[in-house]
Amino acid sequence: MESVLLFFLIALLQVIGTCTLKAKQEYAQMGQMVMLRCNYDGNVIWTTDTTEETILTNMPPDQQRQMGLVIHGRNLVILNVSLSHQGNYSCSMGNASRTFLFRLTIHTTQMSKTCYSHESCKLKCRDPRIPPAMNITMNGTLWNKEDGSLPDSLGDYYYFQRAEDKDRGMYTCTRSYLYQSQKYKMTFTTVLDIKPGQQWKTPAIITPNARDVFYVDFGSMLIIDCKAVMYSPLDLVYWLSGKSFVETNDSLRVYYKNTSNKHNDEIRMTASLVIRKVSEEDLSNVYTCKLESTSISQSSCSCNVTVTLVKKAHPSFFLMALCIVCITLVLGVTLVIYVTLKIDIALFLRDTVAFCRTRSDGKCYDAFLMCYESNTKAGLMEDDRKYLETALEEEFGYNLCIYDRDVLPGKAAAEAMLECIEQSRTVVLVPTYPHPDLESGLLSAIHEALVERKTHLVFIKTTGTPSPGSLPEALQLLLKSGHCVTWKGAVSQPLSSSFWKHLRYHLPAPQSASKKYCYSHQLISK
């Protein structure tokens, strides 16, 4: 008794569970083909209650075809829908607790699609994915519009390159099938709505530029990235070699590859031209990056950039050596010219360019002419000494301190000479014959004063001047402290002679200090 009650209880639960299952609604048009796909895998049992409770799976194939049905595993296809096919269908695994229900209604189904003006758009025709084992062959897809304004178009998708307001409306795609030499069809309807979109933007190639030159080495790999910004998935970027398309087969020596990413409404695509080993042939080829896109009025526009390949110029060792030799020669000639003419250049700049003159330092004299006795008759005679003084003052504008003329009488020789040194910018030692000998102690004091005050010293000697080793020790010290200029007698007298050039070169530029100031200073000090 308990076993019977348990059986009825289980059966009641199964019936309740089956009745509470929610049926999947399927719509179909009269005369169209429709396919029902069960959620369970394997050999399921199909039943229907369109006229009466009928187990379709147990029916012979001929009887199924008479009813316009094709059953294959989990798939049930109604080849030509009629009112007799409207009703409920179910599939199960043989257990009433696992049943999947369908409710087929004769009705025109419509899907909706929204696109934006001036942007690309596509409509998709539903694909029921009929298994090949059912021997139902696809025989094409046809698109049309309700107002008949759309030309017939084939394909699973219908594209709008740039959607416009006139594209609104109802679009129908019809799929044709062949089964046992009979034609059947499925029809799907989509209502398209067009909303205002963003302003149309023009795609463009960002890089490279049209005049870019790429320098290459033969045998090396070259990669040139062509980057473009686009606004439609229908746009395309590719490479041309001359008038031929470069392929995307990466096993070839020359190919290209595409990468892309989308940011907001922009599509950034990079087409990379790859040359595995650059050859001389590549220099003569014309490589062009081409962008094909849509533009205003749906006319085709294209952008292209042609790049130039040039072999790298490697430096020639011969030319490099020649350049080094030439530079060395130029530097050598320049150095020789400078050493030869540096005195003339310095004097020219001193005489013509104002900033070459030294600033006034408060001294009264440009130079102090101090005579020293030459032990030979090679010293300057009185006339030569006077000529030296006159030329420096009157021809070259130097302000000289001359002991016999500018030192006030009554002063000791040492004190007077040290004062002249103090007031002069340069000391010029002039050899004379005869001349009172300068005491050794005085010469030492003069040397110390020159060193202490850092006064410039110019030592004039003659061709007959003894060697430095035979001069008094004090004179040797003075000789080491200054620059030597040689007087060669009559040869040195012309103002353009080497003697005058060297002497002026070692003397500072003449200043305009007034002797009156020096005399007043001497009187006040006295």
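Refer to the structure presented above.
Residues numbered from 1 in each chain as written. Predicted model: local features only at pLDDT ≥ 70, side-chain atom pairs only at ≥ 80, totals over all residues. Heavy atoms only, no water.

Draft legend 1. Up close: the overall build of the protein. Across its full length, the protein holds 11 helices and 29 strands. Expressed as a percentage of the 526 residues in the protein, the buried residues total 38%. Expressed as a percentage of contacts within the protein between residues at least 6 apart in sequence, the contacts between residues at least 24 apart total 71%. When the accessible surface of the protein is split by element, carbon and sulfur atoms take 55% of a total near 30,800 Å². (Helix = DSSP H or I, 4+ residues; strand = E, 2+ residues; numbered from the N terminus. Buried < 20%, exposed > 50% of the residue type's maximum accessible area, 1.4 Å probe, protein only. Contact = heavy atoms within 4.5 Å. Areas by Shrake-Rupley, 256 points an atom, 1.4 Å probe, with all protein chains shown as cover.)

Draft legend 2. Examining the sheet that holds strand β29 (residues 483-487) more closely. Taken in spatial order, the five strands line up as β26-β25-β27-β28-β29 in an open sheet, and their pairing is parallel. Every other strand in the sheet has two partners, leaving β26 (400-402) and β29 as the edge strands with one partner each. Sheet twist, expressed as the average angle between the axes of neighbouring strands with direction ignored, equals 30°. Its contacts with the sheet put helix α7 (residues 413-423) on β25 (367-373), β26 and β27 (426-432), and the angle it makes with β25 is roughly 140°. (Pairing = 2+ DSSP bridges. Axes fitted to C-alpha atoms, helices over the stretch in contact; angles between N-to-C directions.)

Draft legend 3. Representation of the packing of aromatic side chains in the model. Per the counting criterion, the structure on display carries 12 aromatic pairs. With a centroid separation of 5.7 Å and an interplanar angle of 80°, the aromatic rings of Phe160 and Tyr171 are classed as edge-to-face. Of this pair, Phe160 sits in strand β13 (residues 157-160) while Tyr171 sits in strand β14 (residues 169-179), placing them 11 residues apart in sequence. For the residue pair Phe160 and Tyr171, the accessibility class agrees, reading buried in each case. Put simply, the rings of Tyr387, Phe396, Trp487, Phe499 and Trp500 touch in pairs and so form one group of aromatic residues. A cation over a ring is seen here: Lys122 above Tyr157, with NZ or CZ 4.8 Å from the ring centre. (Phe/Tyr/Trp six-rings, centres within 6.5 Å; stacked < 30°, edge-to-face > 60°. Lys NZ or Arg CZ within 6 Å of the ring centre and 35° of its normal.)

Draft legend 4. Region of the structure containing the pairing of strand β7 (residues 87-92). β7 sits mainly inside the fold: five of its six residues count as buried. Taken together, the four bridges between strand β3 (residues 45-48) and β7 define a ladder with antiparallel strand orientation. Its bridge partner being in β7, Trp46 is matched across the sheet by Cys91. With six bridges joining them, β7 and strand β8 (residues 99-106) adopt antiparallel strand pairing. Bridge assignment links Tyr89 to a residue of β8, and that residue is Phe102.

Draft legend 5. Geometry of the sheet that holds strand β2 (residues 34-37). If you walk across this open sheet you meet the three strands as β2-β6-β5, and the pairing is antiparallel. In this open sheet, the two strands that pair with only one neighbour each are β2 and β5 (69-72). When the angles between neighbouring strand axes are averaged without regard to direction, this sheet yields 15°. Note that β2 and strand β6 (residues 75-78) share four bridges and pair antiparallel.

Draft legend 6. Expanded view of a nonpolar patch on the surface. On the surface, Val333, Leu335, Ile337, Tyr338, Val339, Leu341, Ile345, Phe348 and Leu349 cluster together into a nonpolar patch covering about 840 Å² of accessible area. Relative to the assigned elements, Leu335 resides in helix α4 (residues 317-352). (Patch = residues over 30% accessible without salt bridge, like charges linked within 9 Å, V, L, I, M, F, W, Y side chains within 5 Å. Salt bridge = Lys/Arg side-chain N within 4 Å of Asp/Glu carboxyl O.)

Draft legend 7. Local environment of the packing of α4 against helix α10 (residues 498-506). Interhelical geometry of α4 versus α10 gives an angle of 60° and a closest axis separation of 10 Å. On the basis of the axis angle, α4 is oblique to α10. The two elements α4 and α10 cross, and the hand of that crossing is left-handed. Between α4, through Lys342, Ile343, Asp344, Ala346, Leu347, Arg350 and Asp351, and α10, the contact on the second element is made entirely by Lys501, His502, Arg504 and Tyr505. A class-by-class count of the residues in the contact of α4 with α10 yields four nonpolar, one polar and six charged. (Parallel < 35°, antiparallel > 145°, perpendicular 65-115°, else oblique. Left-handed = near helix turned anticlockwise from the far one by under 90°. Nonpolar A, V, L, I, M, F, W, Y, C, P; charged D, E, K, R; others polar.)

Draft legend 8. Here's a closer look at the packing of helix α5 (residues 382-395) against α10. Where α5 meets α10, the axes come as close as 13 Å, and the angle between the chain directions of the two elements is 60°. Accordingly, the angle class assigned to the pair α5 and α10 is oblique. Relative to α10, α5 is oriented so that their crossing is right-handed. Judged by residue contacts, Tyr387, Leu388, Ala391 and Leu392 of α5 engage Phe499, Trp500 and Leu503 from α10. Considered class by class, the residues forming the contact of α5 with α10 number seven nonpolar, no polar and no charged.

Draft legend 9. Broad picture of the state of the cysteines. Summed over the entire model, instances satisfying the criterion amount to four disulfides. Here Cys125 engages in a disulfide with Cys173; their sulfurs sit 2.1 Å apart. Across the S-S bond of Cys125 and Cys173 the torsion is about 80°, and the bridge reads as right-handed. Taken together, the positions of Cys125 in the loop between β10 (121-124) and β11 (137-145) and Cys173 in strand β14 put the pair 48 residues apart, joining distant regions of the chain. Residue classification places Cys173 among the buried residues on the basis of a relative accessible area of 1%. Residue Cys226 pairs covalently with Cys289 via a disulfide, S to S 1.8 Å. Taking the sign of the torsion about the S-S bond as the criterion, the disulfide between Cys226 and Cys289, at about -85°, is left-handed. With Cys226 in strand β18 (residues 222-230) and Cys289 in strand β23 (residues 287-294), this residue pair connects regions lying 63 residues apart in the sequence. Residue class for Cys289 comes out buried when judged on its relative accessible area of 0%. (Disulfide = S-S within 2.5 Å.)

Draft legend 10. Up close: the side chain of Asp366. Inspection of the secondary structure puts Asp366 in the loop between α4 and β25. Among the polar contacts listed, one links the side chain of Asp366 to the side chain of Arg425, at a separation of 2.9 Å. Leaving out residues up to four positions away in the same chain, Asp366 has contacts with Gly397, Tyr398, Asn399, Arg425, Thr426, Pro508, Ala509, Pro510 and Gln511. (Polar contact = N/O pair within 3.5 Å; in protein donor to acceptor, adjacent residues only side chain to side chain.)

By themselves, these figures tell us nothing about what the structure is for.
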